[in-house]
Amino acid sequence: MPIDVRKTGLATTVQDLGRPGYYHLGIPMGGAMDRFALRCANLLVGNDEGAACLETVFMGPELTFTEDTLIAVTGAELPPKIDGEIRETWTALAVKAGQTLSFDYLRAGARAYIAFAGGIDTPPMLGSRSTYAIGGLGGIDGRAVQAGDVLPLGTPARPVAEGRTLAERLRRLPGNPAELRVLPGLYWHRITEASGERFFAETWKVALEADRMGYRFQGGTPMEFVDREPPFGAGSDPSNITDACYPYGSIQIPSGTEPIILHRDAVSGGGYFMIGTVISADMDLIGQLQPQTPTRFVKVNMHTALAARRERASQLAAMREALG
Amino acid sequence: MSTCEIRAKIPGVFYRKPAPDQPNYKNPGDPVVEGDVLGLIEVMKSFQEVTCEATGTLGEFQVEDAEAIMAGQVLVVVEG
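Residues numbered from 1 in each chain as written. Chains lettered and ligands numbered in written order. Predicted model: local features only at pLDDT ≥ 70, side-chain atom pairs only at ≥ 80, totals over all residues. Heavy atoms only, no water.

Chain B appears in an unreviewed UniProt entry as Biotin carboxyl carrier protein of acetyl-CoA carboxylase from Breoghania corrubedonensis. As stated in UniProt under Pathway (unreviewed entry), the record for chain B gives "Lipid metabolism; fatty acid biosynthesis." Quoted verbatim from the Function (unreviewed entry) field of UniProt, the annotation for chain B is "This protein is a component of the acetyl coenzyme A carboxylase complex; first, biotin carboxylase catalyzes the carboxylation of the carrier protein and then the transcarboxylase transfers the carboxyl group to form malonyl-CoA." (UniProt positions renumbered as here; feature names shortened; annotations may be inferred.)

Chain A goes by Biotin-dependent carboxylase-like uncharacterized protein in an unreviewed UniProt entry, where it is assigned to Breoghania corrubedonensis.

A. Quick look at the overall build of chain A. In terms of regular secondary structure, chain A is built from four helices and 20 strands. Taking 324 residues into account, the globule formula puts the C-alpha radius of gyration at 20 Å, and chain A, at 20 Å, falls close to it. By its C-alpha atoms, chain A is 65 × 40 × 30 Å across when sized along the principal axes. Excluding contacts between residues fewer than 6 apart, the proportion of contacts in chain A whose partners are at least 24 apart in sequence is 74%. Surface summary for chain A: the accessible area is close to 13100 Å², and the carbon and sulfur share equals 53%. Side chains of chain A carry 31 positive and 36 negative charges; the gap between the two charge centres is 3 Å. (Helix = DSSP H or I, 4+ residues; strand = E, 2+ residues; numbered from the N terminus. Rg over C-alpha atoms; globule rule 2.2 N^0.38 Å. Contact = heavy atoms within 4.5 Å. Areas by Shrake-Rupley, 256 points an atom, 1.4 Å probe, with all protein chains shown as cover. Lys, Arg positive; Asp, Glu negative; His and termini not counted. Charge placed at Lys NZ, Arg CZ, Asp CG, Glu CD.)

B. Focus on the state of the cysteines. Inspection of the entire model under this criterion finds zero disulfides over all chains. For the unlinked cysteine Cys 40 of chain A, the closest cysteine sulfur is that of Cys 53 of chain A, found at 10 Å. The thiol sulfur of Cys 4 of chain B is not disulfide-bonded, and the nearest other cysteine sulfur, from Cys 52 of chain B, lies at 6.8 Å. (Disulfide = S-S within 2.5 Å.)

C. Just the domain arrangement of chain A, in detail. Residues and elements named next belong to chain A. Split into domains, chain A comes out as domain 1 (3-168) and domain 2 (178-315). On a C-alpha basis, the centres of domain 1 and domain 2 stand 29 Å from each other. Each partner contributes to the interface: domain 1 provides 25 residues, whereas domain 2 provides 23 residues. Summing both sides of the interface, domain 1 and domain 2 together bury roughly 1800 Å²; the carbon and sulfur share of this comes to 51%. (Domains from an automatic or database assignment. Buried area = accessible area lost by both parts, 1.4 Å probe.)

D. Geometry of helix H4 (residues 302-323) of chain A. Residue and element names in this part refer to chain A. For H4, built from 22 residues, the straight-helix expectation of 32 Å at 1.5 Å per residue is met to within 8% by its first-to-last C-alpha distance of 32 Å. Within the span of H4, buried status applies to Ala 305, Ala 308, Arg 312, Leu 316, Met 319 and Leu 323. Down the axis of H4, the smallest arc covering the buried residues is 85 degrees, so these residues share one side. In H4, the exposed residues that point more than 90 degrees away from the buried face are His 303, Arg 310 and Glu 321. Buried residues belonging to H4 abut helix H1 (35-44) and strand S12 (178-184). A side-chain oxygen of the first residue of H4 lies 3.3 Å from the backbone nitrogen of His 303; this N-cap is Asn 301. (Expected span 1.5 Å × (residues − 1). Buried < 20%, exposed > 50% of the residue type's maximum accessible area, 1.4 Å probe, protein only. Arc of directions from axis to C-beta. Polar contact = N/O pair within 3.5 Å; in protein donor to acceptor, adjacent residues only side chain to side chain.)

E. The arrangement of the packing of H1 of chain A against H4 of chain A in detail. Residues and elements named next belong to chain A. In contact at an axis separation of 10 Å, H1 and H4 are set at 15 degrees when each is read in the N-to-C sense. Taken as axis vectors, H1 and H4 run roughly parallel relative to one another. With respect to the hand of their crossing, H1 and H4 are arranged in right-handed fashion. Mapping the contact onto sequence places Phe 36, Arg 39, Cys 40, Leu 43 and Leu 44 in H1 and Arg 312, Gln 315, Leu 316, Met 319, Arg 320 and Leu 323 in H4. Classifying every residue of the contact of H1 with H4 by side-chain character gives seven nonpolar, one polar and three charged. (Axes fitted to C-alpha atoms, helices over the stretch in contact; angles between N-to-C directions. Parallel < 35°, antiparallel > 145°, perpendicular 65-115°, else oblique. Left-handed = near helix turned anticlockwise from the far one by under 90°. Nonpolar A, V, L, I, M, F, W, Y, C, P; charged D, E, K, R; others polar.)

F. Broad picture of the side chain of His 263 of chain A. Tracing the chain through its elements places His 263 of chain A in the loop between strand S17 (260-262) and strand S18 (269-272). Apart from residues no more than four positions distant in its own chain, His 263 of chain A is found in contact with Met 33, Arg 212, Met 213, Gly 214, Tyr 248, Met 283, Ile 286 and Gly 287 of chain A.

G. Layout of the environment of Pro 222 of chain A. Residue and element names in this part refer to chain A. Looking at where Pro 222 falls in the secondary structure, it is placed in the loop between strand S14 (214-218) and strand S15 (240-245). The sequence separation of Pro 222 and Met 302 amounts to 80 residues, and the corresponding C-alpha distance is 26 Å. Residue contacts for Pro 222: discarding those within four places in its chain leaves Ser 195, Arg 198, Gly 256 and Thr 257.

H. How the structure looks around the UniProt feature "domain: Lipoyl-binding" (unreviewed entry) in chain B. Cross-referencing UniProt, the feature "domain: Lipoyl-binding" (unreviewed entry) maps to residues 6-77 of chain B in the present numbering. Segment residues 6-77 of chain B splits into 0% helix and 47% strand. End C-alpha atoms: 6 Å apart.

I. Region of interest: the environment of Ile 3 of chain A. Residues and elements named next belong to chain A. One can find Ile 3 in strand S1 (residues 3-7). Classification of Ile 3 by relative accessible area gives buried; the value is 1%. Considering only alpha carbons, one finds Ile 3 and Lys 205, 202 residues apart in sequence, at a separation of 37 Å.

J. Structural detail: the nonpolar core. Residue and element names in this part refer to chain A. In terms of nonpolar packing, the biggest core is built from 108 residues, with Phe 116, Tyr 215 and Phe 297 touching the most fellow members. A per-element tally of this core places H1 first, with seven residues. Each of domain 1 (3-168) and domain 2 (178-315) accounts for three or more of the residues forming this core. Residues in contact with Phe 116, not counting those within four places in the same chain, are Ile 3, Val 45, Asn 47, Leu 54, Leu 63, Phe 65, Leu 70, Ile 71 and Leu 153. Counting residues in hydrophobic clusters, the runner-up holds five residues, among them Ile 279, Val 300, Ala 305 and Ala 308. (Core = buried A, V, L, I, M, F, W, Y, C linked by side-chain atoms within 4.5 Å.)

K. Quick peek at helix H2 (residues 193-201) of chain A. Residue and element names in this part refer to chain A. Among the residues making up H2, those that are buried are Ser 195, Gly 196, Phe 199 and Phe 200. The arc enclosing the buried residues of H2, seen along the axis, measures out at 135 degrees, which places them on a common side. Facing away from the buried surface of H2 by more than 90 degrees, the exposed residues are Glu 193, Glu 197 and Ala 201. Along its buried surface, H2 packs onto S12, strand S13 (204-210), strand S16 (250-252), strand S19 (274-278) and strand S20 (294-299).

Here is the structure:
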């Protein structure tokens, strides 16, 4: 039950929940930047929540269907159009053979997830269908979707009715300004106390260079470093460290000017100090930030981070309950 | 007489010319047809063309050259 890709949008990739377990070899887990939205899109169409979907950024693709199926679009408010007619997001929609799915302009958020009943059935690599374009892994030949591609679909796991929808109170998009909670990190001592306070007090803006590997921010005051003798193996720039592992969500600030949050396609290590790490509960929000979005980093401790993780888990449970 | 608002499909930085030393793609008052390129939007290290969705006369631009824009923002109006 294939789908024909007529136009691709800006960067549309096959994603599932990723391939954990190879980061120590330099292969990131990848997968949806907004995992909640991907899980929801799948449940709406009756798939297992980790089935492969399309992740599309800012501008949707144009697809035609060769058989009747059920689809759902979640995440960003990127209204789907079936044969030109605008339809609802976060809702199971029936499409007929021969119909075309396209998208209206983006209203909010940045990344939409398009699930199809049965899931996209490209060959899994290292246990996942997620596209890691930098490493040429997964998806279709390890790259983003192109016009002319044919997406194979699996067999629907269970029949569900069209029109099922996730209530608005259970959906999640960042506010404006966006707030990302951050646990200060191992290299906090590299900047002065005043500089650290300013990092959290100021409002930053998402830069144009914001993708699956990292999200860059601008507009804040450059960091003020504590003087030191560069340790063995570190470069001479005050933001350099002896090479270390980079966690997902870690915030590095090369030369102390523009913070970069590493995301699902993160590089696994390098030589820039990390000021802290975005807590797991807020990782999904990052993928929904458009360039220029004003953003504040909010300092939290481990206790708050773990409480936020539990809260996210209960919101996920509420979503599963609603669509179960 | 009808007007068509040309909106940004993607967020980024809007440019009215193909390169800094080149003339504008189009200017207010120019006749335009569907498919004409009106500008570029830069985002994620790539440039996407903004194309005209109507035929008529180009009105005033609602944003400056090299201005940061959000998706859905009106860039220019075409009078049909």
